[in-house]
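These are the residues of each chain, in order.
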Amino acid sequence: MIRIERTTYQNEHFPALVAKLDNYLSETDGDEHDFYHQYNGIESLNHVVIAYSDEVAVGCGAIKEFDSDTVEVKRMYVSPETRGQGIASLLLKELEKWTSELNFKNCILETGKRQPEAIALYTKNKYKVIPNYGQYKGMENSVCFKKELTP
């Protein structure tokens, strides 16, 4: 049974999950990892979700305000041993629900072209590719997505 908990960056399990995510991304992003890593601090993430399987933390995600209508989805991760069970979609749906409750209308995010599983997740959940935004402009490895939430 999967349980999704809303929390903040201060949750004891969040830093460990993010560390696993960063290890994975350092392998897939190679030399570009340091560029991306500078934008992925967790200290400002006050809207975090964590997935628990039998009370073991197995996945996470977060949102942070991007502008008055939009949040950015950050730090999405599911442990390799629990992938393929729909946990990432559950996390994403909870983040979208929270986004709507906070009166934001859109979710945007960036992922890497070297993360085909992430691209498939966002496409499956009706995210559309958009031009790279902000710090991701001109980054060849980046692909950015947006989803307009319906009220």
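The structure contained in this document is the topic of the report that follows. (Residues numbered from 1 in each chain as written. Predicted model: local features only at pLDDT ≥ 70, side-chain atom pairs only at ≥ 80, totals over all residues. Heavy atoms only, no water.)

Within the protein chain, the secondary structure is distributed over 4 helices and 7 strands. Secondary structure elements of the protein chain occur, N-terminal to C-terminal, as β-α-α-β-β-β-α-β-α-β-β. Computed over its C-alpha atoms, the radius of gyration of the protein chain comes to 14 Å, within 12% of the 15 Å expected for a compact globule of 151 residues. Taken over the C-alpha atoms alone, the protein chain extends approximately 40 × 40 × 30 Å along its principal axes. Looking at the protein chain as a whole, 48% of its 151 residues qualify as buried. A separation threshold of at least 6 residues defines the contact pool for the protein chain, and within that pool the share at least 24 residues apart is 66%. When the accessible surface of the protein chain is summed, it comes to about 8100 Å², and 51% of that surface belongs to carbon and sulfur atoms. (Helix = DSSP H or I, 4+ residues; strand = E, 2+ residues; numbered from the N terminus. Rg over C-alpha atoms; globule rule 2.2 N^0.38 Å. Buried < 20%, exposed > 50% of the residue type's maximum accessible area, 1.4 Å probe, protein only. Contact = heavy atoms within 4.5 Å. Areas by Shrake-Rupley, 256 points an atom, 1.4 Å probe, with all protein chains shown as cover.)

The phi dihedral of Arg 75 is positive, around 55°, even though this residue is not glycine. Locating Arg 75 in the fold gives a position in strand E4 (residues 70-78). According to the relative accessible area criterion, Arg 75 is buried, its value standing at 6%. Despite not being glycine, Lys 126 shows a phi value in the positive range, around 70°. Checked against the element boundaries, Lys 126 lands in the loop between helix H4 (116-124) and strand E6 (128-130).

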